[in-house]
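Understanding the architecture of this molecule
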Amino acid sequence: MKKAAYVFGAAGFLALVCALVGRLVGDPHIFMGSAILSWIILSGSLTLLGVLAALLAEK
């Protein structure tokens, strides 16, 4: 479970970086064909899954 927590945390951080880069470069509302808000929601969801996996690994 610890590895899953690291994977979800890293994926969430990467999605947030993609959203920030998409906001700065090109069209400010679209990155890779999808809305920036979708990337932000995805990064938050992945980060929360990482936190949940870390909490479950402690038990």
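Small disclaimer: the values here were computed from a predicted structure and weren't measured.

**Examining the overall build of the protein chain**
- For the protein chain, the helix and strand inventory stands at 2 helices and 2 strands.
- Counting only residues that meet the buried cut, the protein chain has 22% of its 59 residues in that class.
- For the protein chain, the proportion of contacts with a sequence separation of at least 24, taken over those separated by at least 6, is 56%.
- Here the protein chain has roughly 4,300 Å² of accessible surface; of this, 77% comes from carbon and sulfur atoms.

**With respect to helix H1 (residues 2–24)**
- For H1, which comprises 23 residues, the first-to-last C-alpha distance of 33 Å matches the rise-based estimate of 33 Å (1.5 Å per residue) to within 8%.
- Looking only at H1, the buried set comprises Ala5, Gly12, Ala15, Cys18, Ala19 and Gly22.

**A short note on helix H2 (residues 36–58)**
- The terminal C-alpha atoms of H2, which comprises 23 residues, lie 34 Å apart, in line with the 33 Å expected from a rise of 1.5 Å per residue.
- Within H2 the residues assigned to the buried category are Ile36, Trp39, Ser43, Leu46, Gly50 and Ala53.

**Observations regarding the packing of H1 against H2**
- Taken N-terminus to C-terminus, the directions of H1 and H2 make an angle of 165°; their axes are 7 Å apart at the nearest point. As the angle between them shows, H1 and H2 are arranged roughly antiparallel. Regarding H1 and H2, the two cross each other, and that crossing is left-handed.
- Taken together, the residues that form the contact of H1 with H2 break down as 17 nonpolar, 6 polar and 2 charged.

**Some details on the confidence of the model for the protein chain**
- Taken residue by residue, the protein chain gives an average pLDDT of 81. The fraction at 70 or more is 88%.
- Within the protein chain, the lowest mean pLDDT, 66, falls on strand E1 (residues 30–31), and the highest, 85, falls on H2.

**Considerations on the environment of Gly44**
- Tracing the backbone through its elements, the reader meets Gly44 in helix H2.
- Take Gly44: its relative accessible area is 31%, and that puts it in the partly exposed class.
- As a C-alpha pair, Gly44 and Gly9 span 35 residues in sequence and 9.5 Å in three-dimensional space.

Scoring rules and cut-offs
- Residues numbered from 1 in each chain as written.
- Predicted model: local features only at pLDDT ≥ 70, side-chain atom pairs only at ≥ 80, totals over all residues.
- Heavy atoms only, no water.
- Helix = DSSP H or I, 4+ residues; strand = E, 2+ residues; numbered from the N terminus.
- Buried < 20%, exposed > 50% of the residue type's maximum accessible area, 1.4 Å probe, protein only.
- Contact = heavy atoms within 4.5 Å.
- Areas by Shrake-Rupley, 256 points an atom, 1.4 Å probe, with all protein chains shown as cover.
- Expected span 1.5 Å × (residues − 1).
- Axes fitted to C-alpha atoms, helices over the stretch in contact; angles between N-to-C directions.
- Parallel < 35°, antiparallel > 145°, perpendicular 65-115°, else oblique.
- Left-handed = near helix turned anticlockwise from the far one by under 90°.
- Nonpolar A, V, L, I, M, F, W, Y, C, P; charged D, E, K, R; others polar.
- pLDDT = per-residue confidence, 0-100.

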